[in-house]
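Structure at a glance
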Amino acid sequence: MSVEVSDYATLKVRPEASGFGAEVTGLDLRKPLADPVLAEVKAAWAAHGVLSFPDQPLSLDELEAFTLQIGRFGDDPYVAPMPGRPNVLEVRREPDEKLTPFGGNWHSDWSFQPQPPAATILRSEIIPPVGGDTLYCDATRAYEALDEAAKARLAPLKAVHSATRAYGPKSQYSRELDQRSMPIIVSPEADKTHAHPLVRTHPVTGRKALFVSPVYTVGIEGMTPDQGDPLLGELFKHLTQDTFIYRHVWSAGMVVIWDNRCTMHNALGGYDGHRRVMHRTTVAGETPV
Ligand code: OGA
Ligand code: MN
């Protein structure tokens, strides 16, 4: 895979060897970006899906300001925001926590919303000495790798998304609230469902991607569970093959932005006994088509 530095005017964009994702250096995210630089960041984001910016220890004000340069804030349900920061969530796991990390299964953020977030931005604060990597899956290449018969079969389908498994009254999190340091909100609202095209077209690149995930996709419209579940199972297996995955290793003071419209992610554990703290914003998206 190519690892050369791209020819951007001001930025250095180093594509990850995994085939998607890129590291970006040569700019200071604490300051407002000049229009041409912002345009390059957006172009690199569209090209690579996940961008990491090492050595960018943004304050919360700076994180909010950077987010607003990408787009307006999205709505974050089911996790209480930080005090006085309605648009910032703290993703925290304490040394004595034993449960799977928040976000510790494949998902695209808030995909059950009518207009799910385009981007999530995570800025690392405290990174454990071992573990705590985040896996990203390239749902665009996963779609493109399907044969024509599979693409034709999937084209008319709508997938049903819901927060029920994560945040509903019978969810896993609902039984664990007292064992987690994060202020997770369980609600009957989470049992609602919303259908989206199973294959969605990226509004910027025009490329198609699979838009389903094991956490939030609960079925396929017009199919019984006997019909829909095996198909979803096949798609999840296809998506999470090594060839479509980028494993992100964090350092403290790093900013990562990912595109929820064409990727899934999965927060790994492996750091029991250590603290991990991240700050997170979302950027509003559009109705999937
Ligand atoms: C999230 C999430 C991943 C991580 O914040 O949406 O899934 O590695 N986080 O913390
Ligand atoms: Mn997530």
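Let us look at the structure shown here. What you are looking at is a predicted structure, and each value in this text was computed from that prediction instead of being measured. (Residues numbered from 1 in each chain as written. Chains lettered and ligands numbered in written order. Predicted model: local features only at pLDDT ≥ 70, side-chain atom pairs only at ≥ 80, totals over all residues. Heavy atoms only, no water.)

**Overview of the side chain of Glu16**
Within the secondary structure, Glu16 sits in the loop between β1 (12-15) and β2 (22-25). Side-chain polar atoms of Glu16 contact the side chain of Tyr246, separated by 3.2 Å. (Helix = DSSP H or I, 4+ residues; strand = E, 2+ residues; numbered from the N terminus. Polar contact = N/O pair within 3.5 Å; in protein donor to acceptor, adjacent residues only side chain to side chain.)

**Here we look at the side chain of His202**
For His202, the location among the structural elements is in the loop between β9 (199-201) and β10 (208-210). On the basis of relative accessible area, His202 is assigned to the buried category, the value being 7%. At 2.7 Å, the side chain of His202 and the side chain of Asp259 are in polar contact. With residues up to four places along the chain from it excluded, the contact list for His202 reads Arg207, Asp259, Arg261 and Cys262. (Buried < 20%, exposed > 50% of the residue type's maximum accessible area, 1.4 Å probe, protein only. Contact = heavy atoms within 4.5 Å.)

**Considerations on the pattern of salt bridges**
In total, this model carries 22 salt bridges according to the counting rule given. A salt bridge links Asp28 to Lys31; its shortest N-O distance comes to 3.7 Å. The exposure class assigned to Asp28 is partly exposed, which follows from its relative accessible area of 22%. Overall, Lys31 belongs to the exposed group, its relative accessible area being 53%. When the shortest N-O distance is used, the salt bridge between Arg92 and Glu90 registers 2.8 Å. By relative accessible area, Arg92 is classed as partly exposed at 25%. Within the structure, one salt-bridge network assembled from shared partners comprises Glu90, Arg92, Glu94 and Arg275. (Salt bridge = Lys/Arg side-chain N within 4 Å of Asp/Glu carboxyl O.)

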